[in-house]
Amino acid sequence: VFEEPTYYGLEKKGAAEDLSIDIDVIVACTGYKVSFDWLEAPGLDTNPRYWFKHCFPTCGNLGHKLAFLGYARPHQGGIPQCAEMLARYVTQLILKNARLPDNYKDLALVEGACEEDCFHLSKHVLPLVDYPAFMLSVSRLVGCEPAVPETVSGMVKYWTFPLWSCFFRTQGVGAKPKTCEAVLNKFGTFDGVAPNLPLASVQIMLTFFTPFLNFFSYVFAKLFENQRARLPIAFKFRMSKMYFMSGNTLRLGDFGMPLLAQWIAAAAIMLHGISSLFHYKMTILEKKRM
């Protein structure tokens, strides 16, 4: 018995269970089970939410001996980017240029609980992470947090493009700034701006407004603390997930050059929009004259 079957190539209409159909292939999505029985790792938890950074198991001393890649799946972004960032961290651990936090087991529990509450509608998608929050948190462990661009064009791209892996090559460990520049130069300054005026207006408004909301959250953080809650109070209305998920917090440094670059980018986008609108109207007038 199949619940809500889907079929293709049939012109007849009606409920699937009332139809007589000649079937060549049946694809049954029965799911799968995660099992590590083939590993000699007694007590290994199969839930990656409670591994440190979805990579290092917390059972016994396994975190210092075993690491998994591919169990961090962002709701926006890609598994390879997250796996690459974790691979860079694992490399630094092997080279002894970095070390797991002494309390990595406790951190994994806190971050996993936060993910469970935040992604409660996708409770069965255990590898799920927030891409910006996850990438930034691991980059701080590696020592390759993105540098804020110094040019206006770079600022616009940094704030409107996805947080690509190349942005984590601008400074620090494994830096390849020329490679990042080569990637970004393949795109125009405003390619990442919303494609129509209403959406672009919202994008600009949020770019100017959200820093004030974030600063309010930073200054009055104590008012929003709740020891019983695993998520910040009213987080949906006052701060981005990248400031509380994956162990991240708002820092005073987030309101320095990053904030200035964000406003410069928003101003550039606004001027670009005004210029494009003026050019469009002038084109229409010239066509009418002809």
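Everything below is about the structure printed above this text.
Residues numbered from 1 in each chain as written. Predicted model: local features only at pLDDT ≥ 70, side-chain atom pairs only at ≥ 80, totals over all residues. Heavy atoms only, no water.

Engineer: Is there a simple way to think about the overall build of the protein chain in this case?
Structural biologist: Along the backbone of the protein chain there are eight helices and two strands. Sequence-ordered secondary structure for the protein chain, helices as α and strands as β, is β-α-α-β-α-α-α-α-α-α. For the protein chain, the proportion of its 290 residues judged to be buried stands at 33%. Put simply, the protein chain shows about 18,900 Å² of open surface, and 60% of that area lies on carbon and sulfur atoms. (Helix = DSSP H or I, 4+ residues; strand = E, 2+ residues; numbered from the N terminus. Buried < 20%, exposed > 50% of the residue type's maximum accessible area, 1.4 Å probe, protein only. Areas by Shrake-Rupley, 256 points an atom, 1.4 Å probe, with all protein chains shown as cover.)

Engineer: Help me out: how do you make sense of the nonpolar core in this one?
Structural biologist: Soluble, globular proteins show a tendency: their nonpolar side chains are buried together. Of all hydrophobic cores here, the largest spans 30 residues; its most connected members are F56 and Y89. If you list the elements that add at least two residues to this core, you get helix 1 (79-94), helix 2 (104-118), helix 3 (131-142) and helix 5 (177-184). Those residues in contact with F56, other than ones at most four positions away along the chain, are W51, G63, L66, A67, Y89, V90, L93 and L100. Counting 14 residues, the second largest nonpolar core, distinct from the first, contains L231, F235, Y243 and L259. (Core = buried A, V, L, I, M, F, W, Y, C linked by side-chain atoms within 4.5 Å. Contact = heavy atoms within 4.5 Å.)

Engineer: Looking at this model, I keep getting lost on helix 4 (residues 152-160). Mind explaining?
Structural biologist: Within an α-helix, residues lying three or four positions from one another point in the same direction, as the helix has 3.6 residues per turn. Within the span of helix 4, buried status applies to G154, M155, V156, K157, Y158 and T160. Among the structural elements, helix 5, helix 6 (197-219) and helix 8 (257-289) are those in contact with the buried residues of helix 4.

Engineer: Explain the pattern of salt bridges to me, please; I cannot follow it from the model alone.
Structural biologist: Between side chains of opposite charge, pairing is possible as soon as their charged atoms come close. On inspection of all chains with the given rule, the structure shows seven salt bridges. Note that R169 and E84 form a salt bridge whose closest N and O atoms lie 3.3 Å from each other. Pair noted here: R169 is in the loop between helix 4 and helix 5 and E84 is in helix 1, with a separation of 85 residues, a long-range link. A salt bridge links K241 to D130; the shortest N-O distance between them is 4.0 Å. With K241 in the loop between helix 7 (235-238) and helix 8 and D130 in the loop between strand 2 (128-129) and helix 3, the pair connects residues that are 111 residues apart, well separated along the chain. For D130, a relative accessible area of 6% gives the class buried. (Salt bridge = Lys/Arg side-chain N within 4 Å of Asp/Glu carboxyl O.)

Engineer: Before we go on, may I ask you to explain the packing of helix 4 against helix 8 in this structure?
Structural biologist: When two helices pack together, their arrangement is given by the angle between the helix axes and the distance between those axes. One can describe the packing of helix 4 onto helix 8 by two numbers: an axis separation of 8 Å at closest approach and a directional angle of 95°. As summarised for this structure, helix 4 and helix 8 are arranged roughly perpendicular, according to the angle between their axes. Residues V152, M155, V156, W159 and T160 of helix 4 lie in contact with helix 8, whose contacting residues are M257, P258, A261, Q262, I264, A265, A268 and I269. A class-by-class count of the residues in the contact of helix 4 with helix 8 yields 11 nonpolar, two polar and no charged. (Axes fitted to C-alpha atoms, helices over the stretch in contact; angles between N-to-C directions. Parallel < 35°, antiparallel > 145°, perpendicular 65-115°, else oblique. Nonpolar A, V, L, I, M, F, W, Y, C, P; charged D, E, K, R; others polar.)

Engineer: I tried to follow helix 1 on my own but got confused; where do I start?
Structural biologist: Across its 16 residues, helix 1 extends 22 Å between first and last C-alpha, which sits within 8% of the 22 Å expected from 1.5 Å per residue. Taken residue by residue, helix 1 has C82, A83, M85, L86, R88, Y89, V90, Q92 and L93 as its buried positions. Buried residues in helix 1 make contact with strand 1 (73-74) and helix 3. Downstream of helix 1 by one or two residues, K96 has phi in the positive range, about 65°. (Expected span 1.5 Å × (residues − 1).)

Engineer: Looking at this structure, I do not really get the side chain of R49. What am I missing?
Structural biologist: Structurally, the position occupied by R49 is in the segment before strand 1. No salt bridge is formed by the buried R49; its nearest oppositely charged neighbour, E115, is found at 4.0 Å. Of the polar contacts made by the side chain of R49, one reaches the backbone oxygen of V125; its length is 3.2 Å. Beyond its immediate sequence surroundings of up to four residues, R49 is in contact with H54, A108, G112, E115, E116, F119, S122, K123, V125, L126 and L128. (Lys, Arg positive; Asp, Glu negative; His and termini not counted. Polar contact = N/O pair within 3.5 Å; in protein donor to acceptor, adjacent residues only side chain to side chain.)

Engineer: For this particular structure, what's the right way to read unusual backbone geometry?
Structural biologist: In most cases, non-glycine residues show a negative phi, while peptide bonds are predominantly trans. A positive phi angle, close to 55°, is found at H54, a residue other than glycine. For H54, the position within the fold is in the segment before strand 1. For H54, a relative accessible area of 2% puts it in the buried group. With phi around 55°, S246 is a residue other than glycine that occupies positive phi space. Within the secondary structure layout, S246 lies in the loop between helix 7 and helix 8.

Engineer: Just checking my understanding: could you explain the packing of aromatic side chains for this structure?
Structural biologist: Aromatic ring pairs are reported here in terms of the distance separating the ring centres and the angle at which the planes meet. For the structure on display, the rule yields 19 aromatic pairs. Measuring from centroid to centroid gives 5.7 Å for F56 and Y89, while their planes differ by 85°, and the two rings are edge-to-face. Here F56, found in the segment before strand 1, pairs with Y89, found in helix 1; they are 33 residues apart in sequence, far enough to count as distant. Among the residues examined, F56 registers a relative accessible area of 3% and is labelled buried. (Phe/Tyr/Trp six-rings, centres within 6.5 Å; stacked < 30°, edge-to-face > 60°.)

Engineer: For this particular structure, what's the right way to read a nonpolar patch on the surface?
Structural biologist: A contiguous nonpolar surface patch, about 550 Å² in accessible area, is contributed by F215, F216, Y218, V219, F220 and L252. You can see L252 is positioned in the loop between helix 7 and helix 8. A relative accessible area of 54% places L252 in the exposed class. (Patch = residues over 30% accessible without salt bridge, like charges linked within 9 Å, V, L, I, M, F, W, Y side chains within 5 Å.)

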